[in-house]
Protein chains: 2
Amino acid sequence: MAGGKLSLSASSPRVDFHVDMGNPFLNRAADGFLTIGAVAVTKVVAEDTYHCLRKGSVSEHTLKETFKKMCKEGAYWGAVGGTYAGMEYSIRRIRDRNDWKNALLGGFITGALVSAASKKSRDEVVKGAITGGAVATAARFINHLG
Amino acid sequence: MAGGKLSLSASSPRVDFHVDMGNPFLNRAADGFLTIGAVAVTKVVAEDTYHCLRKGSVSEHTLKETFKKMCKEGAYWGAVGGTYAGMEYSIRRIRDRNDWKNALLGGFITGALVSAASKKSRDEVVKGAITGGAVATAARFINHLG
């Protein structure tokens, strides 16, 4: 990353992130991390806002807990999104084709990596890989129904 | 659906489903149901094949269990996919725009419907709606990173 430049721009409600790390693979991964992380952070904020509205009170403790959850979920979703985006891009480049098999393979590898990173058993890593592949394929299909 | 025609074609490995029910909303919902259901069925087959290979044996009981799981997961994923596809299409038509907000709204409604259908409490329905919206938005973003 030496000599790479980092530029970040976020504008709501268009939600647009651009990161230039001087390498297309890293760019996709960073894009995936930031966008999916941002979605997760928004989700936590929406959930906790609903809880506060229901309870009718906001305490310092609640805000701290919300902030912790924002960081945790944002980082987790972001890591998964970034890994998948980078993988899918690499596979697309290697295969030189843009179809659902990239999503399947990308999801499979991401699922395996995420399960392995959380120190799961071999069986669970395989299950994670299969589920990852299935979810990524389903997500691709549903977004390309037209 | 009176007078509608139903034509179904599936070719592997291209995986292509076309259902004509004479109404664009129903077409999307059926397309979503079939594609996402097929993905879930494939996932169950892959998972159970791995288990059989690990165990080194296939019994009638295992096959029955696999078949049951195929039907259950296929129907569940299919229902979620179909509802989402129909919703997203309707919202796109109403808003006359094709952006991530369709995914957010479609996922939100689908999440709420799925939670409500499984007889969850009001709080859980809201949580399901928020999670649905977040997942759908994330899936759309990741498939449109380019």
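Note that the coordinates shown come from a computational prediction; the quantities given were computed from them, not determined experimentally. (Residues numbered from 1 in each chain as written. Chains lettered and ligands numbered in written order. Predicted model: local features only at pLDDT ≥ 70, side-chain atom pairs only at ≥ 80, totals over all residues. Heavy atoms only, no water.)

S.K.: Lay out the confidence of the model for chain A with the relevant residues and their values.
M.R.: Taken residue by residue, chain A gives an average pLDDT of 86. The fraction at 70 or more is 86%. Both scores are given for the predicted complex: the pTM is 0.81, the ipTM 0.81. (pLDDT = per-residue confidence, 0-100.)

S.K.: Describe the pattern of salt bridges, naming the residues involved and giving the relevant values.
M.R.: All names here are of chain A. What the rule picks out here adds up to 14 salt bridges over all chains. When the shortest N-O distance is used, the salt bridge between Asp99 and Arg95 registers 2.8 Å. The network of salt bridges with shared partners includes Lys43, Glu47 and Glu73. (Salt bridge = Lys/Arg side-chain N within 4 Å of Asp/Glu carboxyl O.)

S.K.: Tell me what's going on with the relation of the copies chain A and chain B, and back it up with residues and numbers.
M.R.: Overlaying chain A with chain B gives an RMSD of 0.0 Å, the required rotation being 180° about an axis along which the chain moves by 0.0 Å. On the angle and the small slide along the axis, the relation comes out as a two-fold axis. Closest to the rotation axis within chain A is the C-alpha of Ala139(A), separated from it by 2.9 Å. (Least-squares fit on C-alpha atoms with pLDDT ≥ 70 in both.)

S.K.: Got a sec to walk through the side chain of Ser115(A)? Specific residues and values, please.
M.R.: Residue and element names in this part refer to chain A. Relative to the assigned elements, Ser115 resides in helix 3 (residues 100-117). Relative accessible area serves as the criterion here: at 9%, Ser115 is assigned to the buried category. For Ser115, the side chain forms a polar contact with the main-chain oxygen of Gly111, separated by 2.8 Å. Look past the residues within four positions of Ser115 in its chain and what remains in contact with it is Lys120, Glu124, Val125 and Gly128. (Helix = DSSP H or I, 4+ residues; strand = E, 2+ residues; numbered from the N terminus. Buried < 20%, exposed > 50% of the residue type's maximum accessible area, 1.4 Å probe, protein only. Polar contact = N/O pair within 3.5 Å; in protein donor to acceptor, adjacent residues only side chain to side chain. Contact = heavy atoms within 4.5 Å.)

S.K.: How would you explain the side chain of Thr35(B) if you had to name every residue and give the values?
M.R.: Residues and elements named next belong to chain B. One can find Thr35 in helix 1 (residues 24-55). For Thr35, a relative accessible area of 8% translates into the label buried. There is a polar contact of 2.3 Å between the side chain of Thr35 and the backbone oxygen of Asp31.

S.K.: Pulling in residues and values, what's your account of the interface of chain A and chain B?
M.R.: Of the residues lining the interface, 40 residues belong to chain A; the matching set on chain B comes to 39 residues. Note on chain A versus chain B: buried area summed over both sides is about 3400 Å², and carbon and sulfur give 69% of it. Where chain A touches chain B, the interface holds two salt bridges. Notably, a salt bridge pairs Arg54(B) with Asp123(A), separated by 2.9 Å at the nearest N-O pair. (Buried area = accessible area lost by both parts, 1.4 Å probe.)

S.K.: Account for the packing of helix 2 (residues 60-95) of chain B against helix 3 (residues 100-117) of chain B, with residues named and values stated.
M.R.: Residues and elements named next belong to chain B. Their axes nearest at 8 Å, the elements helix 2 and helix 3 cross at an angle of 135°. In terms of their interaxial angle, helix 2 and helix 3 are classed as oblique. Between helix 2 and helix 3 lies a crossing of right-handed hand. Between helix 2 and helix 3, the contacting residues are Tyr76, Val80, Thr83, Tyr84, Met87, Glu88, Ile91, Arg92 and Arg95 on the first element and Lys101, Asn102, Ala103, Leu105, Gly106, Gly107, Ile109, Thr110, Leu113 and Val114 on the second. Partitioning the contact of helix 2 with helix 3 into residue classes produces 10 nonpolar, five polar and four charged. (Axes fitted to C-alpha atoms, helices over the stretch in contact; angles between N-to-C directions. Parallel < 35°, antiparallel > 145°, perpendicular 65-115°, else oblique. Left-handed = near helix turned anticlockwise from the far one by under 90°. Nonpolar A, V, L, I, M, F, W, Y, C, P; charged D, E, K, R; others polar.)

S.K.: Now, about the packing of aromatic side chains: what can you tell me, with residues and values included?
M.R.: Residues and elements named next belong to chain A. Scanning all chains against the criterion turns up two aromatic pairs over all chains. Note on Trp100 and Phe141: the rings are 5.9 Å apart at their centroids and 40° apart in plane angle, and the pair reads as tilted. Here Trp100, found in helix 3, pairs with Phe141, found in helix 4 (residues 122-143); they are 41 residues apart in sequence, far enough to count as distant. Given a relative accessible area of 17%, Trp100 falls into the buried group. Of the residues examined, Phe141 reaches a relative accessible area of 13% and is grouped as buried. (Phe/Tyr/Trp six-rings, centres within 6.5 Å; stacked < 30°, edge-to-face > 60°.)

S.K.: Which residues make up the packing of helix 3 of chain A against helix 4 of chain A, and what values go with them?
M.R.: Residue and element names in this part refer to chain A. Interhelical geometry of helix 3 versus helix 4 gives an angle of 145° and a closest axis separation of 6 Å. As helix 3 packs across helix 4, the resulting crossing turns out to be right-handed. Residues Trp100, Ala103, Leu104, Gly107, Phe108, Gly111, Ala112, Ser115 and Ala116 of helix 3 form the contact with helix 4, whose own contacting residues are Glu124, Val125, Gly128, Ala129, Ile130, Gly132, Gly133, Ala136, Thr137, Arg140 and Phe141.

S.K.: Describe the environment of Leu145(B), naming the residues involved and giving the relevant values.
M.R.: Locating Leu145(B) in the fold gives a position in the segment after helix 4 (122-143). Residue classification places Leu145(B) among the partly exposed positions, given a relative accessible area of 23%. Spatially, the C-alpha atom of Leu145(B) lies 26 Å from that of Leu34(B), the residues being 111 residues apart in sequence. Excluding residues that lie within four positions of it along the chain, Leu145(B) makes contacts with Arg28(A), Asp31(A), Gly32(A), Thr35(A) and Ala85(A).

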